[in-house]
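What the coordinates show
Take a look at the letters that make up each chain.
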Number of protein chains: 2
Amino acid sequence: MNIPKTEKKRVVIIGGGFAGISLAKNLKGADIQLVLLDQHNYHTFQPLLYQVSTSGLEPDSIAYPIRKILRKLSDFYFRLATVQHIDTETRCVTTDIGNLAYDYLVLATGTKTNFFGNEQIAKYALPMKFLPDALNIRSLMLQNFEYADDCTDMAERKAHLNFCIIGAGPTGVELSGALAELKRNVFPKDYKHMEINEMEIHLFEGGPQVLPPMSDHASKEAEKFLKELGVIVHLNAIASDYDGELLTLDDGATFRTKNCIWTAGVTGASIEGFKTDVMIEKSSRYAVNQFNQINGFDTVFAIGDIAQMDTQDYPKGHPQVAQPAIQQGEHLAKNIKRMLSGKEMTPFKYTDKGTMATVGRNKAVADIKKFRFGGSFAWLLWMVVHLMALVGFRNRVIVFFNWVYNYINYDKAARLIVRPFKPKT
Amino acid sequence: MNIPKTEKKRVVIIGGGFAGISLAKNLKGADIQLVLLDQHNYHTFQPLLYQVSTSGLEPDSIAYPIRKILRKLSDFYFRLATVQHIDTETRCVTTDIGNLAYDYLVLATGTKTNFFGNEQIAKYALPMKFLPDALNIRSLMLQNFEYADDCTDMAERKAHLNFCIIGAGPTGVELSGALAELKRNVFPKDYKHMEINEMEIHLFEGGPQVLPPMSDHASKEAEKFLKELGVIVHLNAIASDYDGELLTLDDGATFRTKNCIWTAGVTGASIEGFKTDVMIEKSSRYAVNQFNQINGFDTVFAIGDIAQMDTQDYPKGHPQVAQPAIQQGEHLAKNIKRMLSGKEMTPFKYTDKGTMATVGRNKAVADIKKFRFGGSFAWLLWMVVHLMALVGFRNRVIVFFNWVYNYINYDKAARLIVRPFKPKT
């Protein structure tokens, strides 16, 4: 890579998600040269991806160019690159666009969809991790509705109108809720000649309750909301096969569906050419100490979802959500600055600000400190928190306007099949 | 196709562009069954496509779901379909999703990009006709900037930063102007280590002036504006070859470029299986009488760009822009209603409301009736007219907000490579 080497220490960050961006922003003012590598030229606000899938928001509302976010850093370079290998001996990163030497390296590569080795499901089900995934889901959903509207074979039609969402974490729950609102408020007006109840939304969860990481109260409340919206919730239901047409559970039950969306798990997006013996095989995360140094390395750090810092409160690492990532980024920035001025690093301490999930209009659940609540107030709070967390004034205004518009009009406007999706055969 | 046949007359419209939508909307209240077929599920506001290409607007701001536009029609069906053949004997349309009988048929298929038979250019240059085209241009532009930022071979770098736009009609002029504004206001902040003047914008026009259909005043003014913005204008310059790397003019001059965009012409998007002897070969348009009936057919009409109605004022048909399409749609709706109530049809008469084109901030030209003017007022007028013409309150607000934001911040925010574009090799 052609980045001039100066006398300043070079910090290389791999990944422009919550962790990488938070670190980079907070390194402002440090006497370093900063390089950030990512496979996309934008930062994605993943908590709202499901609204892109369901026509509520456009991609640009939840994405922000990385170069623009970090424009104010003085000695900063961005490169659109995929990292293939790390050589910690020579301190060199190998990418698809060349090599890059580093003084300090920070892995912030996040997670990728985990199909738990099920190749059939990996091939035919749709993941929802990146913007193109969300747009694929949107296109497929609308294509299947268009098909169904002209289909006289009832079984065939129902397969196109049947939505099976696997995994009832926040993403699965929010996606099911948004689909239910499309069914209730939007599709009946678009597809007047269709019997809308032929559309079914099934949510499958392997465990005994929805939103497994949240409180019992939140899980029960969310399940109640989902049922009110007409989502059919299947608990202790594990998907074992999907062939593009038939979804099979491990108890043998089958569901015919052309819309199978997989939100059942993630695994660390570790770097193919950097499987150290401190990579935790099960989670595919790098084990780090309390300074986010990968165990055994002084100058290689990991932050966010890809890092596993086992602590007393979190013996299996922090939850793989935005907050620990942002906080670790902020903290590591401080530690890098301390290091550069010869001070000792301080250990990371996570502050749990709580968890929220939204199911639909006036329906959300929140666990914040000791408070467990649900309903309209949780929903309003969810919206405020997410609006504030979005990057950039413009995106906040556009998302806010879209939400107000959708709320007043019971509408989701972006029902466009811009790039048709071709299901695998 | 599975659309119930009733006792009402069935009117089938092929195409949901300006003409087709205008006709369908104005058929509200008519005692007919209406079917609209289109290859996309949305109507595209093509005059603003260039702003999608240049990161100024997102696709959903200039596209609108067809089902939503026509939601209030009573006996209306939309089908996502590509028409392959028309049998006027049996009054039947053949499409990729089945056959459909009609009582009245209206062709409103518009135009497609015309490469004038140059296969090399058709293969390697990028058209800008549909939303995916515009998004391809955006991705390619940003990918080439990312590549150039890390490239030390100067010739190679310049090829990636060289933009060649072929055809100086409104689309070519507006696109060149928008690129010039990116060069001036946006890219220098994103690519701080780059010498921005290595980016060149060349606009090629086969004739002796830019904006050939407009007045001399407008052409001269637009050319002046383009030059002020740093666009290099080549008049009487005809492209003869492009191989993905080298653009050759017919006088032998060559330009090395990785960004070659073709806006040099359109031709009627006539239906492959309906080449009647009244199809005008040169323009690929259907010759129609003053009632928009295709010559020789009582029940088959053509409106908008695909129709050629030769009149005293327009001996080679109306200009292929939005206004004649909208007006013919409105007029044919009236005539269909007249016909159904046993009245005679009235001839179409085109009202020229004028022509406008925008080059950049405070820079536009307008020919309206006898007035020829340019500058800030024309620019403001251009914006008001285009905002009013957009479909839907939401789209108007979002486009307006984006324009105000871009104007104040000298920014174009949607610089996202959502789907990378793979140039042909």
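This structure is a prediction, so every number in the text was calculated from the model and none was measured.

Comments concerning the interface of chain A and chain B
- Counting residues at the interface gives 53 residues for chain A, matched by 52 residues for chain B.
- For the pair chain A and chain B, the summed buried area comes to about 4,900 Å², and 51% of that belongs to carbon and sulfur atoms.
- Of all residues in chain A, Arg67, Arg71 and Arg419 of chain A give up the largest surface area on contact with chain B, accounting jointly for 15% of the area buried on that side.
- As a salt-bridge pair, Arg67 of chain A and Glu146 of chain B come within 2.8 Å of each other at their nearest N and O atoms.
- Linking chain A with chain B are 32 residue pairs in polar contact (both at pLDDT 80 or more).

Description of the relation of the copies chain A and chain B
- Overlaying chain A on chain B yields an RMSD of 0.0 Å, the required transformation being a rotation through 180° with an accompanying axial translation of 0.0 Å. Interpreted geometrically, this transformation is the action of a two-fold axis.
- A shared binding surface is used by both copies, with 98% of the interface residues of chain A retained as interface residues in chain B.

Some thoughts on the pairing of strand β8 (residues 98–101) of chain A
All names here are of chain A.
- Relative to β8, strand β7 (residues 92–95) runs antiparallel, the two sharing 4 bridges. The residue bridging Thr94 from the neighbouring strand is Asn99, located in β8.
- Counting the residues in the hairpin turn of β7 and β8 gives 2 residues.

Some thoughts on the sheet that holds strand β16 (residues 246–249) of chain B
Residues and elements named next belong to chain B.
- Taken in spatial order, the 3 strands of this open sheet run β15-β16-β17, and their pairing is antiparallel. Each edge of the open sheet is held by one strand with a lone partner, namely β15 (239–242) and β17 (254–256). Strand-to-strand, the axes of this sheet are offset by a mean angle of 20°, without reference to chain direction.
- With 3 bridges joining them, β15 and β16 adopt antiparallel strand pairing. Paired with Tyr242 across the bridge in β16 is Leu247.

Considerations on the UniProt feature "transmembrane region" (unreviewed entry) in chain A
- In the UniProt entry, the feature "transmembrane region" (unreviewed entry) is given for residues 371–393 of chain A.
- Across residues 371–393 of chain A, helical content stands at 65% and strand content at 17%; the span's end C-alpha atoms are separated by 31 Å.

Examining the UniProt feature "domain: FAD/NAD(P)-binding" (unreviewed entry) in chain A
- UniProt's entry tags residues 10–329 of chain A with the feature "domain: FAD/NAD(P)-binding" (unreviewed entry), counted in the numbering of this structure.
- The span residues 10–329 of chain A is 30% helix and 27% strand, and its two end C-alpha atoms sit 17 Å from each other.

Some points on the packing of aromatic side chains
- A complete count under the given rule lists 30 aromatic pairs over all chains for this structure.
- Pairing Phe145 of chain B with Tyr191 of chain B gives two aromatic rings, centres 5.1 Å apart and planes at 45°, and the pair type is tilted. Here Phe145 of chain B, found in helix α6 (residues 131–149), pairs with Tyr191 of chain B, found in the loop between α8 (170–190) and β13 (200–204); they are 46 residues apart in sequence, far enough to count as distant.
- By relative accessible area, Phe145 of chain B is classed as buried at 0%.
- Given a relative accessible area of 3%, Tyr191 of chain B falls into the buried group.
- One Lys or Arg, Arg361 of chain A, reaches over the ring of Tyr407 of chain A and ends 4.2 Å from the middle of that ring.

Thoughts on the pattern of salt bridges
- Across all of its chains, the model carries 42 salt bridges over all chains by this definition.
- One salt bridge in this structure joins Glu245 of chain B and Arg256 of chain B, with 2.8 Å as the shortest N-O distance. One end of the pair, Glu245 of chain B, is in the loop between β15 and β16; the other, Arg256 of chain B, is in strand β17, and 11 residues separate them in sequence.
- Owing to a relative accessible area of 23%, Glu245 of chain B belongs among the partly exposed residues under this scheme.
- On the basis of relative accessible area, Arg256 of chain B is assigned to the partly exposed category, the value being 32%.
- A single network of salt bridges, built from pairs that share partners, joins Arg67 and Arg79 of chain A together with Glu146, Asp149 and Asp150 of chain B.

Remarks on the domain arrangement of chain A
- Here the domain parsing of chain A yields domain 1 (9–39 + 81–113 + 267–340) and domain 2 (119–264).
- Between the C-alpha centres of domain 1 of chain A and domain 2 of chain A there is a distance of 34 Å.

Considerations on empty space enclosed by the protein
- For the structure on display, the rule yields 9 cavities of 30 Å³ or more.
- Its volume calculated, the largest cavity comes out at about 230 Å³.
- Considering the residues around the largest cavity, the lining is formed by 16 residues, among which Pro59, Leu135 and Val418 of chain A together with Pro59 and Leu135 of chain B are closest to the centre.
- Listed by contribution, the elements that provide at least two residues to the lining of the largest cavity are α6 (131–149) of chain A together with α6 of chain B.
- Split by residue class, the lining of the largest cavity holds 8 nonpolar, 2 polar and 6 charged.

Quick notes on the environment of Ile14 of chain B
Residue and element names in this part refer to chain B.
- With respect to the helices, strands and loops of the structure, Ile14 is situated in strand β1 (residues 9–14).
- A relative accessible area of 5% means that Ile14 is categorised as buried.
- The residues touching Ile14, leaving out its near neighbours within four places in the chain, are Leu37, Val83, Ile86, Leu105, Val106, Leu107, Ala108, Thr109 and Ile271.

Describing the environment of Val106 of chain B
All names here are of chain B.
- With respect to the helices, strands and loops of the structure, Val106 is situated in strand β9 (residues 104–107).
- Given the relative accessible area of 0%, Val106 is considered buried.
- Here the alpha-carbon distance between Val106 and Leu332, two residues 226 residues apart in the chain, equals 9.4 Å.
- Apart from the residues within four sequence positions on either side, Val106 is in contact with Val11, Val12, Ile13, Ile14, Leu23, Phe301, Ile303 and Leu332.

Brief notes about the packing of helix α12 (residues 393–409) of chain A against helix α12 (residues 393–409) of chain B
- In the contact formed by α12 of chain A and α12 of chain B, the axes pass within 11 Å of each other and the chain directions differ by 165°. The orientation of α12 of chain A relative to α12 of chain B falls into the category roughly antiparallel. Helix-helix and strand crossings are classified by hand; for α12 of chain A and α12 of chain B the assignment is right-handed. Between α12 of chain A, through Phe393, Arg394, Val397, Ile398, Phe401, Asn402 and Tyr405 of chain A, and α12 of chain B, the contact on the second element is made entirely by Phe393, Arg394, Val397, Ile398, Phe401, Asn402 and Tyr405 of chain B.
- When the residues that make up the contact of α12 of chain A with α12 of chain B are grouped by side-chain class, the tally is 10 nonpolar, 2 polar and 2 charged.

Reading guide: rules and limits
Residues numbered from 1 in each chain as written. Chains lettered and ligands numbered in written order. Predicted model: local features only at pLDDT ≥ 70, side-chain atom pairs only at ≥ 80, totals over all residues. Heavy atoms only, no water. Contact = heavy atoms within 4.5 Å. Buried area = accessible area lost by both parts, 1.4 Å probe. Salt bridge = Lys/Arg side-chain N within 4 Å of Asp/Glu carboxyl O. Polar contact = N/O pair within 3.5 Å; in protein donor to acceptor, adjacent residues only side chain to side chain. Least-squares fit on C-alpha atoms with pLDDT ≥ 70 in both. Pairing = 2+ DSSP bridges. Helix = DSSP H or I, 4+ residues; strand = E, 2+ residues; numbered from the N terminus. Axes fitted to C-alpha atoms, helices over the stretch in contact; angles between N-to-C directions. UniProt positions renumbered as here; feature names shortened; annotations may be inferred. Phe/Tyr/Trp six-rings, centres within 6.5 Å; stacked < 30°, edge-to-face > 60°. Buried < 20%, exposed > 50% of the residue type's maximum accessible area, 1.4 Å probe, protein only. Lys NZ or Arg CZ within 6 Å of the ring centre and 35° of its normal. Domains from an automatic or database assignment. 1 Å grid on protein atoms, 1.4 Å probe; cavity = no way out; pocket = protein on both sides within 12 Å on 5 of 7 lines; lining within 4 Å. Points joined across faces, edges and corners; volume = space filled by probe spheres on them. Nonpolar A, V, L, I, M, F, W, Y, C, P; charged D, E, K, R; others polar. Parallel < 35°, antiparallel > 145°, perpendicular 65-115°, else oblique. Left-handed = near helix turned anticlockwise from the far one by under 90°.

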